[in-house]
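Chain and residue survey
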Amino acid sequence: MRRNKLVAGNWKMQGRQAGNTALVGSLLAHAAEWSGVEMWVAPPLPYLQQVGALLSGSTVSLLAQNVSHEDDGACTGEVSAGMLADCGCMAVIVGHSERRSRYGETDAQVAEKFVRAQAVGLVPVLCVGETLAERDAGQTEGVVLRQLEAVLQRAGVKSFANAVLAYEPVWAIGTGHSATPAQAQAVHVVLREHVAVVDPVTAAALRVLYGGSVKASNAAELFAMPDIDGALVGGASLDANEFAAIARAARAAQ
Ligand code: PEP
């Protein structure tokens, strides 16, 4: 089955209003280069509305980096799924490894975030991935399937018809050392086949992104893999030329 490529940029905790305006302006100057590829960017929460306005009328959609696992209420410092939708987001990252490791998010909380996002029409981008120690111990498959299974159990397989999966090996994020295309492809197949056992139709349509030091220089070889349906890009999404080049590679691989 043909799956439309998706390239999503995660700005993490970086940016200021003036820089955001410049970055989006430079990126949109390349818009003609990625036709047919879905493009999403995730600015920090305080800038969602600013960046949403800058993207208005463009082919780039607004993605949020995180969402509360709870509904509106007495949760100081949290932001609900309903608020993100109200601010113009169309999707949200859940379970990024930085949230899991630095802020102690559990598989159960990630599953709850996934459900809350879908309940208001947001597309969850569920991140899974192993640490280097886990890979070295031969636990890659067990770890990513445990993370995926927590959401499958909570939300059901049909929910993946309106979701995106992102394989992000922790050892490749922000390190400059991407997984090889073969390493990434192997895990993507494990993930897709796990879903396919229960629902082959949903599995065939499910987009599985790769994330971890994707750059203009390695995007084409990653996108050439049959089960890599795009990328979740951190550092390189802060450089408009680099991010646009990744989008061009996605377009070439469509
Ligand atoms: C990420 O934060 O999801 C990521 C993949 O970062 P980087 O591209 O910088 O490795």
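Every value quoted in this text rests on a predicted model; they were computed, and no experiment measured them. (Residues numbered from 1 in each chain as written. Predicted model: local features only at pLDDT ≥ 70, side-chain atom pairs only at ≥ 80, totals over all residues. Heavy atoms only, no water.)

The subject of this paragraph is the environment of Thr-106. The topology assignment puts Thr-106 in the loop between α4 (97–102) and α5 (107–119). Along the backbone, Thr-106 and Gln-147 are 41 residues apart, and their C-alpha atoms lie at a distance of 9.2 Å. (Helix = DSSP H or I, 4+ residues; strand = E, 2+ residues; numbered from the N terminus.)

In this structure, Lys-12 takes a positive phi of about 55 degrees despite not being glycine. Note on placement: Lys-12 falls in the loop between β1 (6–10) and α1 (17–28).

Surrounding the ligand, one finds 14 residues, the nearest of these being Lys-12, Glu-168, Gly-174, Ser-213 and Gly-234. In this structure, an oxygen atom belonging to the ligand sits 2.6 Å away from a side-chain N or O atom of Lys-12. Between the ligand and Ser-213, the relevant distance is 2.7 Å, taken from an oxygen atom to a main-chain nitrogen or oxygen of the residue. Coverage of the ligand by the protein chains reaches 96% of its 290 Å² of free accessible surface. Partitioned by chemical class, the residues of the shell around the ligand number four nonpolar, eight polar and two charged. (Near = heavy atom within 4 Å. Polar contact = N/O pair within 3.5 Å; in protein donor to acceptor, adjacent residues only side chain to side chain. Areas by Shrake-Rupley, 256 points an atom, 1.4 Å probe, with all protein chains shown as cover. Nonpolar A, V, L, I, M, F, W, Y, C, P; charged D, E, K, R; others polar.)

Before going further, it helps to spend a moment on helix α10 (residues 216–223). All of the buried residues in α10 are Asn-218, Ala-219, Leu-222 and Phe-223. Down the axis of α10, the smallest arc covering the buried residues is 130 degrees, so these residues share one side. Looking at the packing, one finds that the buried side of α10 touches β1, α8 (181–198), β7 (207–211), β8 (230–233) and α11 (240–253). (Buried < 20%, exposed > 50% of the residue type's maximum accessible area, 1.4 Å probe, protein only. Arc of directions from axis to C-beta. Contact = heavy atoms within 4.5 Å.)

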